[in-house]
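As a plain string of letters, each chain reads:
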Amino acid sequence: MKRSIGASGYDGRLDFTRKTADVGVTCQEHPCVNVYVPIELYQCHVQQYHDNRCVQCGKNLVTENFLRLHLEEMHNPFNSGDGIRYRCFEEQCDEAFYSHQERVSHAVKSHQYPESFDFDIVQNGQLFS
Ligand SMILES: [Zn+2]
Ligand SMILES: [Zn+2]
Ligand SMILES: [Zn+2]
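Keep in mind it's a predicted model, so treat the numbers as computed, not measured.

J.: Help me understand the coordination of the zinc ion (ligand 3) in this model?
T.: Perfect tetrahedral coordination of a metal by four donors corresponds to 109.5 degrees between them, and perfect octahedral coordination by six donors corresponds to 90 or 180 degrees. Each protein donor to the zinc ion (ligand 3) is listed here as Cys 88 (SG), Cys 93 (SG), His 106 (NE2) and His 111 (NE2); together their distances run 2.0 to 2.3 Å. Relative to the metal, the 4 donor atoms surrounding the zinc ion (ligand 3) lie at angles of 100 to 117°, and the coordination shape comes out tetrahedral. Under the relative-accessibility criterion, His 106 is labelled buried at 12%. Judged by relative accessible area, which is 24%, His 111 ranks as partly exposed.

See the structure below:
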């Protein structure tokens, strides 16, 4: 579900009190509260922090694919018990696993994910520092 600047949920408040050179947007969306974002970075900011946010728990999943996995694994009431399947992080890959750990090994071995990758992102979303 893509949103663009001015779509519902965003109040479109622009901060014109600064000089035109650094005009920007004061982002009001969770988890930003009055975070000032330069206008040229605003689109990236929305993509990175708000476009793929879970509507159920507010966590930021960064990409559409992570958001879909998150919804399936965390919020699908039919996906609990022994039927649980962890699908590969890669959208084009059909592999599924019985444990998150198996999936992590697969991602590292088959898709060259770095060991330092934040694999818990599917459960936790992106952590804001
Ligand atoms: Zn923001
Ligand atoms: Zn969620
Ligand atoms: Zn895979």
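Let's pick the thread back up.
J.: Honestly, the side chain of His 50 in this entry has me stumped. Any pointers?
T.: Relative to the helices and strands, His 50 resides in the loop between α1 (39-49) and α2 (64-75). A distance of 3.2 Å separates the side chain of His 50 from the side chain of His 45, its partner in a polar contact.

The rules we used
Residues numbered from 1 in each chain as written. Chains lettered and ligands numbered in written order. Predicted model: local features only at pLDDT ≥ 70, side-chain atom pairs only at ≥ 80, totals over all residues. Heavy atoms only, no water. Donors = N, O, S within 2.8 Å, 3.2 Å for Na, K, Ca; no water. Tetrahedral: all angles 85-135°; square planar, octahedral: opposite > 155°, others 65-115°. Buried < 20%, exposed > 50% of the residue type's maximum accessible area, 1.4 Å probe, protein only. Helix = DSSP H or I, 4+ residues; strand = E, 2+ residues; numbered from the N terminus. Polar contact = N/O pair within 3.5 Å; in protein donor to acceptor, adjacent residues only side chain to side chain.

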